[in-house]
Structures are given as C-alpha cells and as structure tokens.
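What the coordinates show
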Amino acid sequence: MHRLRLALFGTAARRWLTLAASVVVFYGAGFAIHRYIDTTAGSPGGSFVLVALWVALGALAGLCSTIALGDWLFHRGFSREFLKDEMAELDARISGTAVEDADDDELALATAGRDAGIRFGLYFLLLAAAHVLIADSLSDGFFARYSHPGVAVVHMRSDDPKVRREGMNMLATRLDFAVTPQVEEVVLESLGDPDEGVAARAAFVAGALEIDGAAATLADLIREREALAFTGLIALGQIGGEQARVAVRALADEPTARAEPQALALALGLLEVPAIARLKAIRDAAADDEETRLAAVWALARLEDPRLLDDLAASLKDPSLAIRCAAATGLRDLVLLESYAPLREAFEAADPEAVCPEKNVPVQEGGRTLRMVPQRNYMLTLLHGLASTDHPELLIWLVKRQDDTEDYKTRTFMKKVWEELKQKEKDGRLNHLKRKLALQSAQQKALRPDGGPADGGAADGGPADGGAAAGGPSPDGGAP
C-alpha cells in the first residue's frame with residue numbers, strides 16, 4: 001500500500017497527474033455510461049451496475065482530489081505525513097534505530113486532534129459529491145432522467161415481453177416529464193410490439209404524452225390490428241395536432257375504425273374533426289347503445305357549428321340524461337339566440353332532482369381525466385345554456401320559473417342571470433336582439449297562409465306575455 005501511495009502521490013507532479021487522471025476517467029466514463037444507458041441499455045440490472053460504477057468512480061475522484069489538495073485543505077505537511085511508511089517506522093522503533101525528526105513535535109501538534117479523521121472524511125465526501133453533481137449537471141440531469149423515465153425506457157428495450165410491459169407500466173404511472181428523443185423512439189418501437197399488452201400500453205403512453213410523431217404509426221396500428229383499434233383511436237384523439245387530425249379523418253371510413261364507433265366518435269370529438277355526416281351516422285346507428293350515442297352527440301357539440309342547432313335540440317329529448325346534458329352544454333357553447341326555445345322547453349319538462357352523471361373519455365389507468373359531462377344539476381346545466389342566449393324573454397321567464405327548483409346553486413344562478421340581463425337591458429345591449437326577434441315575428445306573420453299574427457311564443461322567437469321582447473317594460477318586482 002505504501003508503494004502504491006508513493007507511486008501515485010510521491011511527488012507534487014505525481015499528485016497532480018493522479019488527480020488529473022482520476023478526473024478524466026470519471027468524467028469520460030460518466031459520459032459513456034450516460035450515453036449508453038440513454039440510447040442502448042436493455043438490461044435493468046446491468047444499467048444499475050453501470051450507474052453504481054459511475055458513482056464509485058466519482059468517489060475515487062473525490063478521494064484523489066482530497067489527497068492531492070491535502071497541503072491546502074489541511075496543513076503544509078499533510079502529504080509528507082500521508083506518505084509515511086507506518087510499518088517501517090514501527091519496525092525502527094522496536095529495533096531502537098529510529099531517528100528523531102526535528103520537525104516531529106511541530107508536525108504532531110499540527111496534525112493532532114481527535115477530529116483529524118472526521119475532517120478528512122468530510123472533505124472526501126464533499127469533493128466526491130461535487131464531482132458527481134457536476135457530472136450530473138453536464139449531462140443535463142442524468143440522475144433525474146434515469147430515475148424516470150430512464151429506468152422504464154431500459155425495461156422497454158428488453159427482449160422479455162414481461163419486462164417490456166413492466167417498463168410501459170412504469171412509464172405510464174408518471175407522465176410528468178419532458179419527452180426526449182429516446183423516449184419517443186422506444187414508444188414508437190413498442191407500438192409495433194408483437195405482445196398486444198405492450199402495444200396497447202404504448203398507444204396509451206403515446207396519446208398521454210402527446211407524441212406527434214406517433215400519429216401515423218397509430219393509424220397503421222388501427223388498420224392492421226383490430227384488437228387495438230379502440231385504444232389506438234383514443235390515443236390519436238389525445239395526441240391532438242394536425243397530424244392526428246389527418247390520420248383520424250382518413251380512418252373515418254376504415255372498417256377497423258368503424259367497428260369501434262364509440263372510440264371513433266370520441267377521437268373525432270377530441271380532435272374537433274368536422275365529420276358531421278359520420279358522427280350523425282354513428283349516433284343514429286346506436287339506438288340501443290347509450291355510450292356510443294353519447295360519444296357522437298358530445299363530438300357534434302364540440303364542433304360548435306350553428307348548423308347543428310336542430311340536432312342538439314333534438315338530443316335534449318333523448319332518453320339518456322347524460323346525452324341531454326351533453327346536448328345542453330353544446331347549445332350553450334353555440335351562443336345562439338335560437339337555442340332559447342329548446343332549452344326553455346327542456347327546463348320546463350325537467351325533473352328538479354335530476355343530476356347529470358359524470359362521464360369521462362375511457363382512457364387507460366394512469367391517464368388524465370378527459371371530462372365529457374360534468375356532474376351537475378340538470379336544471380343548472382340548462383340554465384347555463386339559456387344564459388348564453390341573452391334572450392330578452394328571460395327577464396320575465398326567470399321570474400316565473402324561480403320556484404321550479406329548490407337547488408341552491410340553481411336558484412342563485414337564476415338570480416345572477418336575471419341581474420346581468422337587467423343591466424344589459426338598462427345599457428341597451430339587448431336592443432339588437434329585440435329588433436331581430438321583431439323581424440322574425442314579422443316574417444313569420446307574412447308567411448302564414450291566413451296572414452294572421454304569429455303566436456308570439458318563445459318557440460318561434462317572438463315576444464311573449466307582452467314583456468321585454470316587445471319593447472315593453474320588464475318587471476322589477478319578483479326577481480329571482
């Protein structure tokens with residue numbers, strides 16, 4: 001051991017050379033290990049051994065740094081003390097031939113103290129940690145990258161499908177990381193995995209991470225592997241972007257995609273693809289399938305197309321409460337005066353106790369929630385739609401219907417809508433709507449065969465009850 005110390009640290013030149021060599025080996029090996037694990041490693045155990053080796057080299061670099069810099073870190077005689085041959089000194093003392101060094105007393109005083117070993121250990125740990133942290137920083141945070149998603153990616157490169165599936169599950173449990181080229185590459189490769197479990201999980205990860213480059217591969221997966229069509233369509237919808245839209249648009253007429261009408265409708269809705277004819281066909285063909293019908297109505301509602309007013313209004317009479325809620329939300333988003341009549345009719349026919357059931361896009365475990373229908377009082381959902389119309393008749397109608405429900409949130413919102421409409425009427429912001437309604441009423445009157453007056457009801461957009469829509473005063477008393 002003494003000879004090794006002399007060989008490595010015997011002179012100042014050797015100490016500096018040893019320090020430089022340990023640093024070069026550590027940083028060079030670290031770069032190679034990081035690159036190998038990031039791009040090639042397929043054995044989880046082997047990658048762990050390599051990381052441990054890299055940390056050990058960092059500890060060695062820290063030890064060499066502590067010894068080489070000892071004369072500055074501790075005292076001027078540290079190197080001489082470190083290079084002493086303790087066994088030779090002990091033999092000389094036993095034989096009585098030891099020669100006293102004039103500086104022994106001074107050196108003993110300088111190095112004395114029970115904390116000498118502790119100080120050396122602290123400096124060693126500090127310098128070793130500094131080397132490891134610096135190398136980690138130079139590699140753009142290898143430790144964080146390796147802990148996740150690095151370990152999962154290594155699993156996904158394995159030859160064992162069980163290990164690959166485990167890697168996919170590891171990746172899917174935590175999706176809060178930046179997608180690196182290595183992650184994208186291994187996910188794309190996994191989409192073609194012969195194991196359906198791996199491929200299905202890869203499709204989910206591609207959608208959850210919104211990997212644009214996976215759109216074309218997912219489209220091929222849907223065409224070629226019917227069992228994975230549902231998962232692939234949902235993943236395409238989650239990816240978003242123009243590539244995914246083009247892919248789903250092309251898939252709308254593919255037999256494998258049409259065999260999963262619910263997933264196809266959801267993908268079209270998530271991407272807001274205006275495939276109105278296809279979505280209507282899916283809705284009409286799903287008379288006995290509530291979930292598929294809901295997906296189609298929800299997708300149509302997301303288009304926010306005024307041409308769909310009649311379709312959404314008709315869906316307000318669907319037997320499924322969830323579908324009625326989706327249609328009401330769609331009418332709200334249209335922000336059309338003409339939505340008033342069907343929404344009012346639905347409100348007046350609604351059960352005050354009805355609550356919209358929460359409905360979400362069916363994604364795999366670990367995915368973020370993509371809400372289609374929020375859980376909310378049905379009357380309140382309809383009121384949100386009515387409020388978007390700004391129909392002048394609401395000033396009277398809200399007063400009349402204020403006792404239709406005991407739900408606190410609904411009654412509070414009714415009052416808020418009435419107050420806002422009252423202010424808009426005061427500011428003259430409803431005048432253009434009143435003129436529009438008057439014109440519609442005149443046109444309907446002119447088109448009647450008998451030339452008689454329109455019925456003035458809300459269903460044809462005409463004023464009712466002599467209220468604000470006709471330009472008369474709106475009630476102040478009895479506000480909701």
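What comes next is a walk through the structure. (Residues numbered from 1 in each chain as written. Predicted model: local features only at pLDDT ≥ 70, side-chain atom pairs only at ≥ 80, totals over all residues. Heavy atoms only, no water.)

With respect to the side chain of Thr18
Test applied: Secondary structure elements are defined from DSSP: runs of H or I of at least 4 residues count as helices, runs of E of at least 2 residues count as strands, and each element is numbered from the N terminus. Note on contacts: a residue pair qualifies if any of its non-hydrogen atoms lie within 4.5 Å across the two residues.
Residue placement: Thr18 occurs in helix H2 (residues 12-39). Those residues in contact with Thr18, other than ones at most four positions away along the chain, are Leu8, Phe9 and Cys64.

Regarding helix H19 (residues 290-302)
As a reminder, the rule being used: Take the residue count of a helix, subtract one, and multiply by 1.5 Å to get its expected span. Partly exposed residues are those whose accessible area sits between 20% and 50% of the maximum for their type, while under 20% is buried and over 50% is exposed, using a 1.4 Å probe and protein chains only. Throughout this description, a polar contact denotes any pair of N or O atoms lying within 3.5 Å of each other; where both atoms belong to protein, one of them has to be capable of donating a hydrogen while the other can accept it, and for residues adjacent in sequence the pair is counted only when both atoms sit in side chains.
Between its terminal C-alpha atoms H19 stretches 18 Å, which fits the 18 Å expected from 13 residues at 1.5 Å a residue. Residues of H19 that are buried include every one of Thr292, Arg293, Leu294, Ala295, Ala296, Val297, Trp298, Ala299, Leu300 and Ala301, and no others. Here the buried face of H19 lies against helix H17 (261-270), helix H18 (276-285), helix H20 (309-315), helix H21 (321-334), strand S2 (359-360) and strand S3 (371-373). Measuring from the backbone nitrogen of Glu291 back to the side-chain oxygen at the start of H19 gives 3.3 Å, which picks out Asp289 as the cap.

Concerning the packing of aromatic side chains
Which entries qualify depends on this criterion: Stacked, tilted and edge-to-face are the three classes assigned to paired rings of Phe, Tyr and Trp, where Trp is represented by its six-membered ring and a pair needs centres within 6.5 Å; plane angles under 30 degrees give stacked, over 60 edge-to-face, the rest tilted. The criterion is that NZ of a Lys, or CZ of an Arg, lies within 6 Å of the ring centre and within 35 degrees of the ring normal, and then a charge sits over that ring.
Considering all chains together, one arrives at 12 aromatic pairs under this definition. Between Phe26 and Tyr27, the ring centres sit 4.9 Å apart and the planes meet at 75 degrees, which makes this aromatic pair edge-to-face. Judged by its relative accessible area of 0%, Phe26 is buried. Its relative accessible area of 22% is what places Tyr27 among the partly exposed residues. A ring pair is formed by Phe26 and Trp54, whose centres lie 5.9 Å apart and whose planes are at 5 degrees; its orientation type is stacked. Taken together, the residues span a long stretch of sequence, with Phe26 in helix H2 and Trp54 in helix H3 (residues 44-68) at a distance of 28 residues. In this structure Trp54 comes out as buried when scored by relative accessible area, which is 0%. Taken together through their ring pairs, the aromatic side chains of Phe26, Tyr27, Trp54, Phe142, Phe143 and Tyr146 make up a single cluster. The ring of Tyr378 has Arg324 lying over it, and the distance from NZ or CZ to the ring centre is 5.4 Å.

With respect to empty space enclosed by the protein
Gaps left between atoms are located by rolling a probe of water-molecule size over the structure's atoms. Stated precisely, the cut-off is as follows: The method works on a 1 Å grid over the protein atoms by themselves. A cavity is a set of points holding a 1.4 Å probe that cannot get out, a pocket is an open set with protein on both sides within 12 Å along at least five of seven lines, and residues with an atom within 4 Å of a point line them. Grid points are joined across faces, edges and corners, and a volume is the space filled by probe spheres set on the points. Here the nonpolar group is Ala, Val, Leu, Ile, Met, Phe, Trp, Tyr, Cys and Pro; Asp, Glu, Lys and Arg are the charged ones; every other residue, Gly included, is treated as polar.
For the coordinates displayed, the defined rule picks out 1 cavity of 30 Å³ or more. In this structure, the largest cavity encloses a volume near 90 Å³. Along the walls of the largest cavity sit Ile37, Asp38, Arg145, Pro149, Gly150, Val153, Val154, Arg157, Thr180, Gln182 and Val183, which together make up its complete lining. Mapped onto the lining of the largest cavity, the elements with two or more residues apiece are H2, helix H9 (142-156) and helix H11 (181-191). Here the element with the most residues in the lining of the largest cavity is H9; it accounts for 5 residues. For the lining of the largest cavity, the class distribution of residues is 5 nonpolar, 3 polar and 3 charged.

Some thoughts on a nonpolar patch on the surface
Which entries qualify depends on this criterion: To count toward a patch, a residue needs a relative accessible area over 30% and no salt bridge; like charges are then connected within 9 Å, while nonpolar side chains (Val, Leu, Ile, Met, Phe, Trp, Tyr) are connected within 5 Å. Reported accessibility uses the Shrake-Rupley method at a 1.4 Å probe radius. Residues are deemed covered only where the shown protein chains occlude them. The term salt bridge refers to a pairing of a side-chain nitrogen on Lys or Arg with a carboxyl oxygen on Asp or Glu at a separation within 4 Å.
On the surface, a cluster of nonpolar side chains totalling about 320 Å² of accessible area is made up of Met1, Leu4 and Leu8. A relative accessible area of 48% means that Leu4 is categorised as partly exposed.

Points about the state of the cysteines
Put simply, the rule is: Whenever a pair of cysteine sulfur atoms sits within 2.5 Å, that pair is classed as a disulfide.
This model, assessed by the stated rule, comprises 1 disulfide. The disulfide that involves Cys325 links it to Cys356, with 1.9 Å between the sulfurs. Torsion about the S-S bond of the Cys325 and Cys356 cystine: about -90 degrees, corresponding to left-handed handedness. A residue pair is termed long-range when its members are at least 10 positions apart, and Cys325 in helix H21 and Cys356 in strand S1 (residues 355-356) qualify at 31 residues. Exposure class is identical for Cys325 and Cys356. Each is buried.

Observations concerning the pattern of salt bridges
Scanning the model with the defined rule gives 29 salt bridges in all. The closest approach of N and O atoms between Glu254 and Arg223, which form a salt bridge, is 3.5 Å. Of this pair, Glu254 sits in the loop between helix H15 (241-251) and helix H16 (255-258) while Arg223 is found in helix H13 (residues 215-224), placing the two residues 31 residues apart along the sequence. With a relative accessible area of 32%, Arg223 lands in the partly exposed category. Where Asp333 meets Arg332, a salt bridge forms, and the shortest distance between an N and an O atom there is 2.9 Å. Assessed through its relative accessible area of 26%, Asp333 is described here as partly exposed. In this structure, a network of salt bridges that share partners links the residues Arg344, Glu348, Glu393, Arg401 and Asp404.

Some words on the packing of H13 against H15
Defined as follows: Note on geometry: axes are C-alpha line fits, over the in-contact stretch for helices, and angles between N-to-C directions span 0 to 180 degrees. Reported orientations rely on four angle classes, namely roughly parallel under 35 degrees, roughly antiparallel over 145, roughly perpendicular from 65 to 115, and oblique for the rest. Should the near helix be turned anticlockwise from the far one by less than a right angle, the crossing is left-handed, and should it be turned clockwise, the crossing is right-handed.
Direction vectors running N to C along H13 and H15 enclose 20 degrees, while the axes themselves pass 9 Å from each other. As the angle between them shows, H13 and H15 are arranged roughly parallel. Every pair of crossing elements has a handedness; the one defined by H13 and H15 is right-handed. Packed against H13, whose contacting residues are Ala215, Ala219, Ile222 and Arg223, the element H15 presents Gln243, Ala244, Ala247, Ala250 and Leu251 at the interface. Class assignment for the residues of the contact of H13 with H15 results in 7 nonpolar, 1 polar and 1 charged.

Quick word on the nonpolar core
Under the convention used in this document: Residues belong to a common nonpolar core when they are buried Ala, Val, Leu, Ile, Met, Phe, Trp, Tyr or Cys residues joined through side-chain atoms within 4.5 Å.
Counting 107 residues, the largest nonpolar core has Val187, Leu218, Leu236, Leu316, Tyr378 and Leu382 as the members making the most contacts within it. The contact partners of Tyr378, leaving out residues within four places of it in the chain, are Leu316, Leu321, Arg324, Cys325, Ala346, Ala350, Ala354, Val355 and Cys356. Grouped together as the second largest cluster of nonpolar side chains are 13 residues, Ile33, Ala41, Val51 and Val154 included.

Describing H11
Just so we agree on the cut-off: Relevant arc is that of directions from the helix axis to the C-beta atoms, nothing else.
Those residues of H11 not exposed but buried are Val183, Val186, Val187, Ser190 and Leu191. The arc that holds every buried residue of H11, seen down its axis, measures 145 degrees, which confines them to one face. The outward face of H11, more than 90 degrees from its buried face, is lined by the exposed residues Pro181 and Glu189. Taken together, the buried residues of H11 touch H9, helix H10 (161-173), helix H12 (196-208) and H13.

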